[in-house]
Amino acid sequence: MTSLAVVILTHNEALHIGRALEHLSAIASEVFLIDSGSSDGTVAIAEARGAKVLRNPWTNYAQQFQWGLDNAPITADWVMRLDADEIIEPDLAAEIAARLPTLPAAVTGVNLKRKHVFMDRWIRHGGRYPLTLLRLWRRGKARIEQRWMDEHMLLTEGAAVTFDGGFADHNLNDLTFFTDKHNKYATREAIDVLNQKYGLFARDEALDARSASAAASGKRWLKEGLYNRLPFWVGPLGYFLYRYIVQLGFLDGREGLIYHGLQGGWYRFLVAAKIVELDRELAPLPGAPERLAALERLTGYRLGAPAA
């Protein structure tokens, strides 16, 4: 039997962690939670279900997950990255159990097709399905991309195949939680955009179609090569209209209108607005050291760690 370890980052995920672990029970030989100070029962629920919990202070997702890979006592043949609000559905669990032991040694990674469930509705349109992501890899054959936002797993050698089973992101929190989370995401994404513009600290540039999925690589190229260079008002409006009309987001009904309007319209506008706000402070400064110090002061994040 091929063994599988699952690594999950948590902070106050009592609403989701039991569900996630239940859906992993048929395939995971080891589960490691990397917890950053939960106070809501997350740890107790996980330990009661046999997960091992490691604790580490939070900096950002990429650094926290890499810390987990470096410090969790993983012995399994394969490793999976999973968020606490994600679900491995029964058909994917069966596919993993059947296919993982048969993969040749040259295959070191597996892409999964993630679906997004919002307000209990599967968002099928607007370019949201499938989101093909590298989430399974042979132990020691992948690392996480060191970025402040939109970080991906990267293979360090070998090639990936894609499994077709169900893999769902289904967060049960309300819209207040959703908008608060995306407000924080917007600050982190603005940091990456301004770093791209000014070269404030080392950027992880390893993402390509070999190291991750072709879909993730192509999306990154479009975002950094085209979208980030558009005028402030063009990008968010154009992206929302493309997603909602051209990519048929309107077919996702009322829940789709709320989701695409918030995540494809409001969020993109918020990122752009934060870039404008922060750049008003950074642009007049004489050089990268001064801009980096200002960006740290304005965002409250300690930046500048070298990319892996």
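As a reminder, the structure under discussion sits directly above these lines.
Throughout what follows, the structure given in this document is the object of discussion. Treat the numbers as computed from the prediction; the structure is a model and nothing was measured. Within each chain, residue numbers correspond to sequence positions counted from 1 in written order. Residue-level local features of this predicted model are given only where pLDDT is at least 70; pairs of side-chain atoms are given and counted only at 80 or more, and the full residue set underlies all totals for whole chains, interfaces and linings. Excluded from the side-chain calculation are hydrogens and water; included are all heavy atoms of the structure.

### Thoughts on the packing of helix α7 (residues 234-246) against helix α8 (residues 253-282)
Two quantities define a packed helix pair, namely the angle between the axes and the distance from one axis to the other. Angles here are taken between N-to-C directions and fall from 0 to 180 degrees, while the axes themselves are lines fitted to C-alpha atoms, restricted in helices to the stretch in contact. Secondary structure is summarised from DSSP: a helix means a run of H or I of at least four residues, a strand means a run of E of at least two, and numbering begins at the N terminus for each. Close contact between α7 and α8 brings their axes to 8 Å; oriented N to C, the two are set at 160°. As the angle between them shows, α7 and α8 are arranged roughly antiparallel. In this structure, α7 meets α8 at a crossing whose hand is right-handed. Between α7 and α8, the residues in contact are Pro236, Tyr239, Phe240, Arg243 and Tyr244 and Leu257, Tyr259, His260, Gly261, Gln263, Gly264, Gly265, Arg268, Phe269 and Ala272, respectively. Classes in brief: Ala, Val, Leu, Ile, Met, Phe, Trp, Tyr, Cys and Pro nonpolar; Asp, Glu, Lys and Arg charged; the others, Gly included, polar. Looking at the contact of α7 with α8 residue by residue, the classes come out as 8 nonpolar, 5 polar and 2 charged. Here is the rule for angles: anything less than 35 degrees is roughly parallel, anything more than 145 is roughly antiparallel, 65 through 115 is roughly perpendicular, and the remaining ranges are oblique. A crossing counts as left-handed when the near helix is turned anticlockwise from the far one by less than a right angle, and as right-handed when that turn is clockwise. Should any heavy atoms of two residues lie within 4.5 Å, those residues are counted as being in contact.

### Thoughts on the packing of helix α5 (residues 175-198) against helix α9 (residues 288-299)
Where α5 meets α9, the axes come as close as 12 Å, and the angle between the chain directions of the two elements is 175°. Judged on the interaxial angle alone, α9 and α5 are roughly antiparallel. Here α5 contributes Thr187, Ile191, Leu194 and Tyr198 to the contact with α9, which in turn contributes Arg291, Leu295 and Thr299.

### Quick word on the nonpolar core
Side-chain atoms within 4.5 Å are what join buried Ala, Val, Leu, Ile, Met, Phe, Trp, Tyr and Cys residues into a set we call a nonpolar core. Throughout this description, buried means an accessible area under 20% of the type-specific maximum (1.4 Å probe, protein chains only), exposed means over 50%, and partly exposed covers the range between. Counting residues in hydrophobic clusters, the biggest one holds 29 residues, and the most contacted among them are Ile8, Leu24, Met80, Ile88 and Ile96. Counting only elements with at least two residues in this core, the list comes to β1 (4-10), α1 (17-24), β2 (30-35), α2 (42-48), β4 (78-83), α4 (90-99) and β6 (107-118). Those residues within four positions of Met80 in sequence are excluded, and the remaining contacts are Leu4, Ala5, Val6, Val7, Leu24, Ile88, Ile96, Leu112, Arg135, Leu136 and Trp137.

### Section: the side chain of Asn111
The topology assignment puts Asn111 in strand β6. Whenever a nitrogen or oxygen atom comes within 3.5 Å of another N or O atom, the pair is scored as a polar contact, on the condition that within protein one atom can donate a hydrogen and the other can accept it, and that pairs from neighbouring residues in sequence are kept only if both atoms are in side chains. At 3.4 Å, the side chain of Asn111 and the backbone nitrogen of Leu134 are in polar contact. The residues touching Asn111, leaving out its near neighbours within four places in the chain, are Thr132, Leu133, Leu134, Ala160, Val161, Thr162, Phe163 and Ser213.

### A few points about the packing of aromatic side chains
A pair of Phe, Tyr and Trp rings is counted when the ring centres sit within 6.5 Å of each other, with Trp represented by its six-membered ring. The angle between the planes then sorts it: under 30 degrees is stacked, over 60 is edge-to-face, the rest tilted. According to the stated counting rule, one finds 11 aromatic pairs in the structure shown. Both rings, one in Tyr244 and one in Phe250, keep their centres 6.4 Å apart while their planes meet at 70°; by these two values the pair is edge-to-face. Given a relative accessible area of 41%, Phe250 falls into the partly exposed group. Through a chain of ring-to-ring contacts, the aromatic side chains of Trp58, Tyr61, Phe65 and Trp137 assemble into a single cluster. In this analysis the charged atom, NZ for Lys or CZ for Arg, is taken to sit over a ring once it is within 6 Å of the ring centre and within 35 degrees of the ring normal. Looking at Lys115, its charged tip hangs above the ring of Trp122, at a distance of 4.0 Å from the centre. Between the NZ or CZ atom of Arg124 and the centre of the ring of Trp122, over which it lies, the distance is 3.7 Å.

### A short note on the pairing of β1
Burial within β1 is extensive, with 7 of its 7 residues counted as buried. Burial along β1 is two-sided: the face carrying Leu4, Val6, Ile8 and Thr10 and the face carrying Ala5, Val7 and Leu9 are both buried. Two strands pair when backbone bridges link them, and β1 and β2 are joined in this way by 6 bridges, in the parallel orientation. Bridge pairing links Val7 to Phe32 in β2. Once the chain exits β1 it traverses α1 before rejoining the sheet at β2, and the crossover so formed is right-handed. Strands qualify as paired when DSSP identifies two bridges or more between them. For a crossover, the right-handed case is the one in which the path from the first strand over the helix to the second runs clockwise, viewed with the strands pointing away from the viewer.

### Observations regarding the pattern of salt bridges
Counted as salt bridges are all cases of a side-chain nitrogen of Lys or Arg within 4 Å of a carboxyl oxygen of Asp or Glu. Taken as a whole and assessed by the stated rule, the structure comprises 20 salt bridges. Glu86 is the salt-bridge partner of Arg135, the closest N and O atoms lying 2.8 Å from each other. In this pair, Arg135 is assigned in strand β8 (residues 131-138) and Glu86 in strand β5 (residues 86-88), connecting sequence segments 49 residues apart. With respect to burial, Arg135 and Glu86 carry one shared label: buried. The residue Lys115 makes a salt bridge to Glu89 at a minimum N-O spacing of 3.3 Å.

### Some thoughts on the pairing of strand β3 (residues 52-55)
Here β2 runs beside β3; their pairing, made up of 4 bridges, is parallel. Counted as the bridge partner of Asp35 is Arg55 from β3. In this fold, the crossover linking β2 to β3 by way of α2 has right-handed handedness.

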